[in-house]
Amino acid sequence: MIGKKVHIKSFGCQMNKLDTALVTFALKDAGFTFTESASEADVVLINTCSVREHAEQRVISHLGRLQHIKKTRPDMVVGVIGCMAQRLDRKLLKHDAVDIICGPAQIPQITKLITETLKLKKEIVAVTENIRQKTDQRQAQALEDFESAYSAREKKIPGQAYVRVMRGCDNFCSYCIVPFVRGPEISRPPKAIIDQIRKLADTGVKQVTLLGQRVNSYKYKAGDKTYCLADLLRMASDIQGIEWIRFVTSYPSEEFFDEILRAMADLPKVCNYLHIPAQSGSNKILRAMNRHYTTDQYLHLLAKARDIVPAIAIAGDFIVGFPGETHADFEATVDLVKKARYKNCFIFKYSPRPDTKSDKKLADDIPLEVKKNRNTELLAVQEKISGELSAEYLGKEVRVLVEGLSKKPHLDSEKSDGNPQLIGRTATDYIVVFNAPPSLAGQFVKVKITKTSPLTLFGRLI
Ligand code: SAH
Ligand code: SF4
Ligand code: F3S
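Residues numbered from 1 in each chain as written. Chains lettered and ligands numbered in written order. Predicted model: local features only at pLDDT ≥ 70, side-chain atom pairs only at ≥ 80, totals over all residues. Heavy atoms only, no water.

Engineer: What am I meant to see in the side chain of Thr295 here?
Structural biologist: Note that Thr295 resides in helix H11 (residues 295-308). Here Thr295 falls in the buried class, since its relative accessible area comes to 12%. Apart from residues no more than four positions distant in its own chain, Thr295 is found in contact with Ser280, Gly281, Ser282, Asn283, Leu286 and Leu336. (Helix = DSSP H or I, 4+ residues; strand = E, 2+ residues; numbered from the N terminus. Buried < 20%, exposed > 50% of the residue type's maximum accessible area, 1.4 Å probe, protein only. Contact = heavy atoms within 4.5 Å.)

Next up, the structure:
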């Protein structure tokens, strides 16, 4: 397929972005070239997310635009890959623009699927039939091979890479679609993960982010030994060239919690950052969400984290407007946010997902207006806390891994000295904006913080 141009767009989480990177490099190896513009592409791929209705709507409207382009370029091939492909399966074919449907477990076949569609001009569907059935060995091996073949090239942000340590999820939070689109939870072999990180380090990667839906429950039995996330952190720390190691997302559970925190405290390369969503501050709602902890247990975990790693920055997620969430339940969430003192929080309005337990059993009874108001109120509470915590950085020198040019201009950064604004992050995941030469992307630098806002630190390169 020499010379055929591909345009690819990702709508989902880090897992999804990692898949996009793997697919990109597999196609490059097969001779495809890439374009930033959908309207000049021969093949357009959309990597999709099903976690909220809004995520799916964005994809549907993107498909509408592609349908429009297809009117003048009828030979253009459009492929929907990822979670929405798995969820909607053949039903996606009713959108005239769609030619290929490829689930997350079928991405190793992507080159074949595209080549066939270009040749035969017919629609192809490749998804897992019974997604909750035990993953078949051949499919698992194909995913492993695909991952190790293409991951060493995944460097969307210079010097950084995602490394999947687990696939799927078995937690079945009652609102969540992920177990139904990503399949059963599987921990990848430690050797495969560590070999992959070593390969990444050889290509200049300095920071790896280990990915799993419940990354802290990573568990792999090999002979007499059971490996947990703390073991991975230790092994990854020994790899030369790797300087920072992160992991997301953690589930509030005692299992392995101490070991992981101790690894964070002991190993200088492990970033002092924990993303540990609570989802609600009401025990009644947590039960209905099938989250297996109470707010007291959750706060106890945070206290322990701060005890073992005093410099830790903690982030969270919340869902507002879950079915049956009363004003008192919401107040309990506000209360938890005040007590937790997160660095930042992601707040989502409940979105019923077809086939999940909460959708089947509970009416989506909180009006959109109320969801919106609760979202805004909770954000305001968090913003105040974020502002207080970020202000502690004022006047301090921080080590920053530079990501590249800042996409939006920040008016309040320092004088430019002719250099553009760059952004980077601290080990504690604070975004730092400063003026410096773009060639520093992918490098570690020191920045003196001269100004702070709730979510961003501003400073001067030292
Ligand atoms: N595995 C991770 C992330 C899952 S999806 C975890 O368990 O934390 C990311 C976030 O989306 C979740 O933390 C949750 O806050 C939100 N989310 C998931 N399903 C949702 C739904 N149906 N409606 C609204 N938000 C949802
Ligand atoms: Fe979804 Fe819960 Fe699994 Fe996270 S842990 S992916 S919220 S089911
Ligand atoms: Fe990620 Fe969305 Fe799928 S959050 S795992 S892309 S449903």
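Engineer: Is there a simple way to explain the packing of aromatic side chains in this structure?
Structural biologist: What characterises a pair of aromatic rings is the spacing of the ring centres plus the angle enclosed by the ring planes. Applying the stated criterion across every chain yields a total of 9 aromatic pairs. Between the aromatic rings of Phe318 and Tyr342, the centroid separation amounts to 5.8 Å while the plane-to-plane angle is 75°, which identifies the pairing as edge-to-face. Of this pair, Phe318 sits in strand E15 (residues 313-320) while Tyr342 is found in the loop between helix H12 (327-340) and strand E16 (344-349), placing the two residues 24 residues apart along the sequence. Grouped by ring-pair contacts, the aromatic residues Tyr175, Phe322 and Tyr350 constitute a single cluster. Positioned over the ring face of Phe34 is Lys28, at 5.5 Å from the centre of the ring. A cation sits over an aromatic face here: Arg399 above Phe444, 3.9 Å from the ring centre. (Phe/Tyr/Trp six-rings, centres within 6.5 Å; stacked < 30°, edge-to-face > 60°. Lys NZ or Arg CZ within 6 Å of the ring centre and 35° of its normal.)

Engineer: In this structure, what is going on with the sheet that holds strand E13 (residues 244-248)? I would like to understand it.
Structural biologist: Two modes of strand pairing occur in sheets, parallel and antiparallel, and in both the strands are linked by backbone hydrogen bonds. Read across the sheet, 3 strands follow the order E7-E10-E13 without closing on themselves; strand pairing throughout is parallel. At either margin of the open sheet sits one strand with a lone partner, and together these are strand E7 (160-164) and E13. Strand-to-strand, the axes of this sheet are offset by a mean angle of 25°, without reference to chain direction. Both E7 and strand E10 (residues 207-211) contribute to a ladder of 5 bridges, which runs parallel. Its bridge partner being in E10, Ala161 is matched across the sheet by Val208. Relative to E7, helix H1 (residues 14-29) is tilted by about 105°, and along the sheet it contacts E7, E10 and E13. (Pairing = 2+ DSSP bridges. Axes fitted to C-alpha atoms, helices over the stretch in contact; angles between N-to-C directions.)

Engineer: Where do I start with the site of ligand 2 in this structure?
Structural biologist: As a structural note, the neighbourhood of ligand 2 is formed by Cys169, Asn171, Phe172, Cys173, Tyr175, Cys176, Val178, Pro179, Gln213 and Arg291. Here the residues of the shell around ligand 2 sort into 7 nonpolar, 2 polar and 1 charged. (Near = heavy atom within 4 Å. Nonpolar A, V, L, I, M, F, W, Y, C, P; charged D, E, K, R; others polar.)

Engineer: Looking at this structure, I do not really get the sheet that holds E15. What am I missing?
Structural biologist: With respect to topology, 3 strands assemble into an open sheet ordered E14-E15-E16, the strand pairing being parallel. The open sheet terminates on both sides in strands that have one partner only, identified here as strand E14 (273-275) and E16. Each strand of the sheet is rotated relative to its neighbour by a mean of 10°, with strand direction disregarded. With 3 bridges joining them, E14 and E15 adopt parallel strand pairing. Counterpart to His275 in the pairing with E15 is Ala315.

Engineer: How should I be thinking about the nonpolar core in this particular structure?
Structural biologist: The tendency in soluble globular proteins is for nonpolar side chains to be buried as a group. Counting residues in each nonpolar core, the largest one holds 83 residues, and the members touching the most others are Ile197, Leu210, Leu233 and Phe247. Mapped onto the domain boundaries, this core takes at least three residues apiece from domain 2 (154-391) and domain 3 (397-461). With residues near it in sequence (within four places) discarded, Phe247 still touches Leu210, Val215, Leu229, Leu233, Ile260, Met264, Val270 and Leu274. In this structure, Val77, Leu118, Leu143 and Tyr273 belong to the second largest nonpolar core, which totals 32 residues. (Core = buried A, V, L, I, M, F, W, Y, C linked by side-chain atoms within 4.5 Å. Domains from an automatic or database assignment.)

Engineer: So what exactly am I meant to see when it comes to unusual backbone geometry here?
Structural biologist: Glycine aside, the phi torsion of most residues is negative, and most peptide linkages are trans. With an omega of 0°, the peptide bond running from Val248 to Thr249 counts as cis. The backbone phi angle of Asp89 is positive, close to 55°, even though this residue is not glycine. With phi around 80°, Asp355 is a residue other than glycine that occupies positive phi space. Judged by relative accessible area, which is 51%, Asp355 ranks as exposed.

Engineer: How do you make sense of the side chain of Lys304 when you look at a structure like this?
Structural biologist: Mapped onto the elements of the fold, Lys304 is located in helix H11. Polar side-chain contacts of Lys304 include one of 3.0 Å to the side chain of Glu254. Those residues in contact with Lys304 that lie beyond four places of it in its chain are Glu254, Phe257, Asp258 and Leu261. (Polar contact = N/O pair within 3.5 Å; in protein donor to acceptor, adjacent residues only side chain to side chain.)

Engineer: Help me understand the pattern of salt bridges in this model?
Structural biologist: Where charged atoms from two side chains of opposite charge come close, those side chains can pair. A full pass over the atoms with the stated rule returns 31 salt bridges. Of the charged contacts in the structure, one is a salt bridge between Glu185 and Arg214, with a shortest N-O distance of 3.2 Å. A residue pair is termed long-range when its members are at least 10 positions apart, and Glu185 in the loop between helix H6 (178-182) and strand E9 (186-187) and Arg214 in the loop between E10 and strand E11 (219-222) qualify at 29 residues. The shortest N-O distance in the salt bridge between Asp258 and Arg262 comes to 3.8 Å. With Asp258 and Arg262 both in helix H9 (residues 257-266) and 4 residues apart, this pair spans about one turn of that helix. Residues joined by salt bridges that share partners form a network here, namely Asp19, Glu144, Glu147, Arg164, Arg167, Arg182 and Arg188. (Salt bridge = Lys/Arg side-chain N within 4 Å of Asp/Glu carboxyl O.)

Distances and angles like these do not, on their own, reveal function.
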